[in-house]
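# Report on the structure
Spelled out from the first residue to the last, the chains are:
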Protein chains: 2
Amino acid sequence: MSLRFAILGLLTSGELSGYEITRRFEQSVGYFWHARAQQIYPELARLESEGLVIGRAVPQAGRPDKRVYTITSRGLDELTAWVLTPSPLTLTKDEFLVKVWSYGLVDPAAALAALEQHRRQQEERLAAYRAIEAAFEGAHPEAVPPAFLGPYLTLRAGITFVESFLAWADDAARILRARLTQPPQSAS
Amino acid sequence: MSLRFAILGLLTSGELSGYEITRRFEQSVGYFWHARAQQIYPELARLESEGLVIGRAVPQAGRPDKRVYTITSRGLDELTAWVLTPSPLTLTKDEFLVKVWSYGLVDPAAALAALEQHRRQQEERLAAYRAIEAAFEGAHPEAVPPAFLGPYLTLRAGITFVESFLAWADDAARILRARLTQPPQSAS
DNA sequence: TAAGTCATGTAATCGGTTACATGATTGC
DNA sequence: GCAATCATGTAACCGATTACATGACTTA
């Protein structure tokens, strides 16, 4: 369900082609929902057949022709209704934390190294988010124009979550370091 | 891939039936990976056919017979190898934040109400985590026995993440409240 | 010459959910 | 009597990923 509304949300700021939507999914909404081109094209066709968007062929010179989509008023209605709908708590699926769950089985030094490698990846992500945050620059939170309110809030969510991961990782690293002298041990 | 290793991880603390594994997935590892019974039973069969676990029928009186599984040494080898493997950054999928992304389209008061409802759900989750944390009670972090290190660290991760959501939600609520007098506006 | 971008798709597969089935026992 | 718990499954479906295909243009 979310995919169609993520697409409709993107289209509220103007017409976009499937390709352009695919690119947007690598940023912005993409932090909390993502999809590849192969999923986006059929979804756009479905949205059009349901009258929530309308497509228009745009011939281009020097590059392939494209088909751009505009959200219809019915599409906007369905989107705004959905936005206020209650959401179930997200059941996170995080491969890394499944690994952490078995850290008691392995050498603490090795676990520490794996943890720190993952921490570095998260730090890179944070830097990318911060760079985008700078684009909202100047504008103190209350002054963000309505069209950018949602993107701004979700970006802040992204930053907050990555920062909290880093804080947890530092804490976990401290606990692992205290065990470096102890041998690894299997459970129970 | 993660499902099989989540199951193997659970089996490191002793033999469990498919049903018991299903129950465990509602807590502990379940915070970062989850699966329903229908997925767990076939996976156990697959793990057994690959020699990573061995099953044993346990006749019971007064309740259905069950089949309990033990991790093999090959299973333990594969698990410990996997645990130290680098993990890709998780691409979160969060329906609620897809909605937040379009908060600029709706009445700030309605958005605020939706936000606060979701916040309350997260608070309940935090209370549940804290209750489990109390079971690790007394033991200061460095003293947690190795068999509980992983579960302890993931529980702390769960607590940290929920707390950071609450902090973000408070911040977002503050920003929305500052807009209560302004009319809703559709995107440019 | 090779890789990358723009642009849109099909096909096969997989992981996961929903719905359904069965059947005994225990607690309200 | 009804719902919940214990216990294990099958079948249909759906959302998402991987692999593959095409083809022109641009940049290294």
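Residues numbered from 1 in each chain as written. Chains lettered and ligands numbered in written order. Predicted model: local features only at pLDDT ≥ 70, side-chain atom pairs only at ≥ 80, totals over all residues. Heavy atoms only, no water.

## Some thoughts on the protein's contact with DNA strand D
The environment of DNA strand D is formed by 19 residues, the closest being A:Gln39, A:Gly62, B:Tyr19, B:Gln60 and B:Arg67. Measuring from a base nitrogen of DNA strand D, one finds a side-chain N or O atom of A:Gln38 at 2.9 Å. A distance of 2.4 Å separates a phosphate oxygen of DNA strand D from a polar atom in the side chain of B:Gln60. Counting only elements with at least two residues in the surface near DNA strand D, the list comes to helix H3 (37-49) of chain A together with helix H2 (18-24), helix H3 (37-49) and strand E3 (66-71) of chain B. (Near = heavy atom within 4 Å. Polar contact = N/O pair within 3.5 Å; in protein donor to acceptor, adjacent residues only side chain to side chain. Helix = DSSP H or I, 4+ residues; strand = E, 2+ residues; numbered from the N terminus.)

## What to know about the protein's contact with DNA strand C
Around DNA strand C lies a shell of 19 residues, among which A:Tyr19, A:Gln60, A:Arg67, B:Gln39 and B:Gly62 are the nearest. For DNA strand C, the backbone portion of the atoms within 4 Å of the protein, that is sugar and phosphate, comes to 69%. Within the side chain of A:Tyr41, a nitrogen or oxygen atom sits 2.9 Å from a phosphate oxygen of DNA strand C. A distance of 3.4 Å is found between a sugar or linking oxygen of DNA strand C and a backbone nitrogen or oxygen belonging to B:Gly62. Of all elements in the fold, only helix H2 (18-24), H3 and strand E3 (66-71) of chain A together with H3 of chain B reach the threshold of two or more residues within the surface near DNA strand C. A per-class count over the surface near DNA strand C returns five nonpolar, eight polar and six charged. (Nonpolar A, V, L, I, M, F, W, Y, C, P; charged D, E, K, R; others polar.)

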